[in-house]
Amino acid sequence: MTSILPLSVRDLGFTIAGHEVIQGVSLDLAAGSRTVVLGPNGAGKSVLLRLLHGLLQPTGGTLRWAAADARRHQAMVFQRPVMLRRSALANIRFALDVAGAKGETDARARLALDRVGLGPLAERPARVLSGGEQQRLALARAWALQPQVLFLDEPTASLDPAATRAVEDVIVAMHQAGATIVMTTHDIGQARRLATDLLFLHQGRLIEATPAEAFFAQPRSAEAAAFIRGELLW
Amino acid sequence: MQDILQSLGLAFNLMWRLDPNLVAIATLSLKVSGGAVLLAAVLALPFGAWLALARFPGRDAVIAVLNGMMGLPPVVVGLLVYLLLSRAGPLGPLGLLFTPAAMSIAQAILIFPIIAALARQVIEDAWDEYREQLLSLNATRWQCAEALLWDMRFSLSTSVLAGFGRAVAEVGAVMIVGGNIDGVTRVMTTAIALETSKGDLPLALALGLVLIFLVVCINFAAQAVKSYARRRHG
Ligand SMILES: Nc1ncnc2c1ncn2[C@@H]1O[C@H](COP(=O)(O)OP(=O)(O)O)[C@@H](O)[C@H]1O
Ligand SMILES: [Mg+2]
C-alpha cells in the first residue's frame, strides 16, 4: 500500500465571514508521528484539523498528500462522537460497508471492539452507551478502517479522568499499530503524555512546530511559554 | 343533546356487535388509506431525504411549494385524479375509476406533500448533527440519505401517521374518484356524508365516533411503540 504521507501544507488559509480563522499555516507531517495541535480556545485547532481532513475547503494555500485518493486512508474522531441508532457492532460495520471493505467485516468489527474493551457491549444500542464508551466506540470504528492517518479533535474534552485514560491508551495502541496520529487538545498534561511533535496555534497562526521535548523544555515564543505556565491567552 | 346521546349508544352498540356493515366499511377505509400511506411513504420519504441533503438553485422555492401543498384541497385532488382516470383521460384504459385503487391513489397524492415536507425537516435537522461524521467516513450522498432515513425511523413514523390521519379523514377526494358505491367504494367518511344527507344523524355520528376511535387507537399504538424504541435505542 502506498503511503499518503508525508503531507505538505503551504500557506494555508481559511477565512469565513470576513474572519481569518487560519492564516499562513505551513507544515510537513511525516509518517509515524504523534502530533498534537496545542493552543487556547478559539485558536483555530478544530478548523485546522477539518482543513487537513478535507471536511473544510481552504480559502488559500495548498495542501498536498503524497498519494492520490488520500481521503480513503484517513479517519477522524470528533469531540462529541456521533453514533447511528443501531448496535455498537452495527456502527462499525456501517463504516466498513461504506468504505467498501470486502470479506470478513463482522470479524473485523468485533476485533476492533475487543481492542477498545467494548467486546461485551457489541450488541448494545450505541446511543445508550456512556460518553466514554461512545468515544471508545468511535475509536474502534476508526481502528477498524485501518487508517494511515487518524485525526482526533479534543477526544477527551468531556470525559472524566478514567475514561480519558482509556481513550489515551487506545490512541497509543493505534499509533503502535502503525497509524500516524494528529490530535488537538487544550490540555497541556495530555500533550505532554502523548505528543512526539507539537504544533502550537494561536489566533489562527502556527507559532511553533517542534519536537515535543524541545517545546516543553524551551518554548521559543512568548505565547507558548505563557501557555505552558498556565497563563490565560487571548 | 338527545341526538348525541342516542348516537353514542348506537355507536357503542354497533362496535360491540361488530356490525358486519360497519366492519366492512371500516375495513375498506383502513385498506384504502393504508394503501395510500404505503404508496405515498415509499415515494415521499426518499424525496424528503433527497431534498434535505441536496443543494441546488431554487431549492428554497421547492420547499416553499412543498410546504404549501400540505394543505391541498381534497376535492381538487379528487377532480384531478378523476380527470386522469376517467375513460377519456390519459390513464382511462387502466379502468381504475370508481375502484378502491383510485381512492388510494388520490389520497396518496393528497398526503405525499405532508410526508415529504415533514421528512425533509426531520432529515435536515439530523443532517446537521451527522454531516461531518458521515462525510468523514466517505459516505456518498445516497448512503447518507439511507442512513439518516433509518436512523430517524421513529421520528419519521410520526410524519407517516400524520399522513394517514389526513387520508383516512378526508372525504372530498374519495367521494369523487370512488363514487361512494355501497359495498365497493363506500368508506367511513363518505358513509357519514351520505347518512347525514339522508337525515340519519345518529348513524352518521356513530360512524364518526368509530372513525375517531380508530384514529386514536392507531396513534396510541404508534406512540407506545415509539417510546419503547426511544428508551431502547436512545
Ligand atoms: N463556521 C464558522 N463560522 C464562523 N466562525 C467560525 C466557524 N468555525 C469556526 N469559527 C471561528 O474560528 C475560530 C477558531 O475556531 P476553532 O477552530 O473551533 O477553535 P479551537 O478548536 O482552537 O477552540 C473561532 O473564533 C470560531 O468562532
Ligand atoms: Mg475545538
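Structure: see above.
First, a word on what this report is: a plain description of the structure on this page. (Residues numbered from 1 in each chain as written. Chains lettered and ligands numbered in written order. Predicted model: local features only at pLDDT ≥ 70, side-chain atom pairs only at ≥ 80, totals over all residues. Heavy atoms only, no water.)

## So, the sheet that holds strand S2 (residues 19–29) of chain A
Residue and element names in this part refer to chain A. The 3 strands lie next to each other as S2-S1-S4, forming an open sheet whose pairing is antiparallel. Each edge of the open sheet is held by one strand with a lone partner, namely S2 and strand S4 (60–64). On average, each strand axis in the sheet is inclined to that of its neighbour by 20°, with strand direction left out of account. Bridge count between strand S1 (residues 7–16) and S4: 4 bridges; the pairing is antiparallel. When the sheet's bridge partners are listed, glycine 13 is paired in S4 with glycine 60. In the packing of helix H1 (residues 45–53) onto the sheet, the strands contacted are S1, S2 and S4, and the crossing angle to S1 comes to about 125°. (Pairing = 2+ DSSP bridges. Helix = DSSP H or I, 4+ residues; strand = E, 2+ residues; numbered from the N terminus. Axes fitted to C-alpha atoms, helices over the stretch in contact; angles between N-to-C directions. Contact = heavy atoms within 4.5 Å.)

## Here we look at the pattern of salt bridges
All names here are of chain B. Considering all chains together, one arrives at 17 salt bridges over all chains under this definition. In this structure, the salt-bridge partner of glutamate 124 is arginine 59, at a minimum N-O distance of 2.7 Å. Here glutamate 124 is found in helix H5 (residues 100–136), whereas its partner arginine 59 is found in helix H3 (residues 59–68), with 65 residues between them in sequence. Residue classification places glutamate 124 among the buried residues on the basis of a relative accessible area of 19%. (Salt bridge = Lys/Arg side-chain N within 4 Å of Asp/Glu carboxyl O. Buried < 20%, exposed > 50% of the residue type's maximum accessible area, 1.4 Å probe, protein only.)

## Focus: the site of ligand 1
All names here are of chain A. Taken together, Ile16, His19, Val21, Pro40, Asn41, Gly42, Ala43, Gly44, Lys45, Ser46 and Val47 make up all the residues around ligand 1. Between an oxygen atom of ligand 1 and a main-chain N or O atom of glycine 44, the distance comes to 3.0 Å. For ligand 1, an oxygen atom lies 2.8 Å from a polar atom in the backbone of lysine 45. For ligand 1, the protein covers 59% of the area, taking 560 Å² as the surface of the free molecule. Elements with a contribution of two residues or more to the shell around ligand 1: S2 and H1. (Near = heavy atom within 4 Å. Polar contact = N/O pair within 3.5 Å; in protein donor to acceptor, adjacent residues only side chain to side chain. Areas by Shrake-Rupley, 256 points an atom, 1.4 Å probe, with all protein chains shown as cover.)

## Some remarks on the interface of chain B and chain A
Taken together, the 21 residues of chain B in the interface contact 20 residues of chain A. Taken over both partners, the interface formed by chain B and chain A buries close to 2,100 Å², and the fraction arising from carbon and sulfur atoms is 51%. Among the residues of chain B in contact with chain A, Glu132, Gln133 and Leu137 of chain B are the three that bury the most area, contributing 28% of the side total. Counting across the interface, chain B meets chain A through 2 salt bridges. Between glutamate 132 of chain B and arginine 50 of chain A there is a salt bridge, with the nearest N and O atoms lying 2.7 Å from each other. For the pair chain B and chain A, the number of links is 8 residue pairs in polar contact (both at pLDDT 80 or more). When residues of the side of chain B that touches chain A are traced back to their parent elements, those giving at least two are H5, helix H6 (141–151), helix H7 (153–169) and helix H10 (201–233) of chain B. Its residues assigned to classes, the side of chain B that touches chain A comprises 9 nonpolar, 6 polar and 6 charged. (Buried area = accessible area lost by both parts, 1.4 Å probe. Nonpolar A, V, L, I, M, F, W, Y, C, P; charged D, E, K, R; others polar.)

## Describing the nonpolar core
Ranked by size, the top nonpolar core spans 120 residues in total, and within it Ile92, Leu113, Leu137, Leu139 and Leu150 of chain A together with Ile123 of chain B carry the most contacts. The greatest single-element share of this core, amounting to 17 residues, is contributed by H5 of chain B. Excluding residues that lie within four positions of it along the chain, isoleucine 92 of chain A makes contacts with Ala109, Ala112, Leu113, Leu137, Ala140, Arg141 and Ala144 of chain A. Grouped together as the second largest cluster of nonpolar side chains are 29 residues, Phe14, Leu29, Val47 and Val149 of chain A included. (Core = buried A, V, L, I, M, F, W, Y, C linked by side-chain atoms within 4.5 Å.)

This is a description of form; function is not addressed.
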